[in-house]
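# Survey of secondary and tertiary structure
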Amino acid sequence: MPQSSSTPPTVVLVHGAFADSSSWNGVVTRLSEQNIRTVAAANPLRGLAHDAGYVRELLASVDGPVVLVGHSYGGAVISAAAVGADNVKALVYVAAFLPEPGESAADLSGRFPGSTLGETLREVPVTLTDGSKATDCYIDADRFHGQFAADVPEEVTRVMAVTQRPITAEALAEKATDAAWKTLPSWVLVSQGDQNIPPRAQSFMAERAGAQTVTVEASHAVSVSQPDAVAGLIVEAVQGTS
């Protein structure tokens, strides 16, 4: 049934590498308190085009308008997934990548100094469902707290390290072919203590996109450590598109 133009947006959350949908728990709680419907996608982390296609199919199942939110590599995914998804009205990037066509997450993280991610990674050869070979990347559990979530209590990050979702090296290196932020209003949260994506890279991408930007003193895991700030920015985007 066609939806009324007054239908409030649904927020669709897309996590990034080394995380899962539970990384949004605090944000979901705060949005729920404001009666904002949310859906947390299980990002496959297998390849950019593959992951964007998966999210695009999820978007097609949502009735009414969507505010699409991505963390980290999830930003590259939403930039592609929103292309052709007519119900997406705004994009929110949380310590995330906003690639131009032809750029990869690996390209952007290396454009400015500050990322120490590479030296913490543990690589595991895997076979994908189509039979092709790939390499899964994990953050070494002993280094997860300092690298990914230094402002999150260690008893929490010990669990996060064990339950982290790996991303393929191929996904991080895959070039973007679309950039929905060129045509959709965008909001960006820059995490100043980020050791995965250099803050200068985040600011560069936000400025390039002409996004409304806030800066927070937080680690890469800002959705876990500062859910109020993340939820607040998402609410701004919801209100800006309602």
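Just above, that's the structure.
What this report covers is the structure whose coordinates are included nearby. Throughout this description, residue numbers start from 1 for each chain and increase along the sequence as written. Only residues with pLDDT of at least 70 get local features here, since the model is predicted, and only at 80 or more are side-chain atom pairs given and counted; chain-wide, interface and lining totals rely on the full set of residues. Heavy atoms throughout the structure, all of them, feed into the side-chain values; hydrogens and water do not.

Moving on to the environment of Gln 202. Secondary structure counts use DSSP, requiring at least four H or I residues in a row for a helix and at least two E residues in a row for a strand, with both numbered from the N terminus. Along the chain, Gln 202 falls in helix α8 (residues 199-209). Sequence separation between Gln 202 and Arg 46 is 156 residues; the distance between their C-alpha atoms is 23 Å. When near neighbours in sequence (up to four residues on either side) are disregarded, Gln 202 contacts Ala 95, Leu 189, Val 190, Ser 191, Asp 194 and Ile 197. At a separation of 2.9 Å, a polar atom in the side chain of Gln 202 contacts the main-chain carbonyl oxygen of Ile 197. Should any heavy atoms of two residues lie within 4.5 Å, those residues are counted as being in contact. For the purposes of these results, a polar contact is taken to be a pair of N or O atoms within 3.5 Å, where, inside protein, one atom must be able to donate a hydrogen and its partner to accept one; residues adjacent in sequence count only when each atom of the pair is a side-chain atom.

Relative to the helices and strands, Val 94 is located in strand β4 (residues 88-96). On the accessibility criterion, Val 94 (1% relative accessible area) is buried. Each C-alpha atom, one on Val 94 and one on Thr 129, is 30 Å from the other, the two residues being 35 residues apart in sequence. Leave out the neighbours within four places in its chain, and Val 94 touches Trp 24, Val 69, Gly 70, His 71, Ser 72, Leu 189, Val 222 and Val 230. Residue exposure (1.4 Å probe, protein chains only): buried if accessible area is under 20% of the type maximum, exposed if over 50%, otherwise partly exposed.

Another point: the sheet that holds strand β7 (residues 167-168). By the convention used here, strands pair only if DSSP detects at least 2 bridges between them. Strand order in the open sheet formed by 3 strands is β5-β6-β7, with antiparallel pairing between adjacent strands. The open sheet terminates on both sides in strands that have one partner only, identified here as β5 (121-127) and β7. Note that β5 and strand β6 (residues 133-139) share 7 bridges and pair antiparallel. Looking across to β6, one finds that Pro 125 is bridged to Thr 135.

Purely spatial values, then, with no claim about function.
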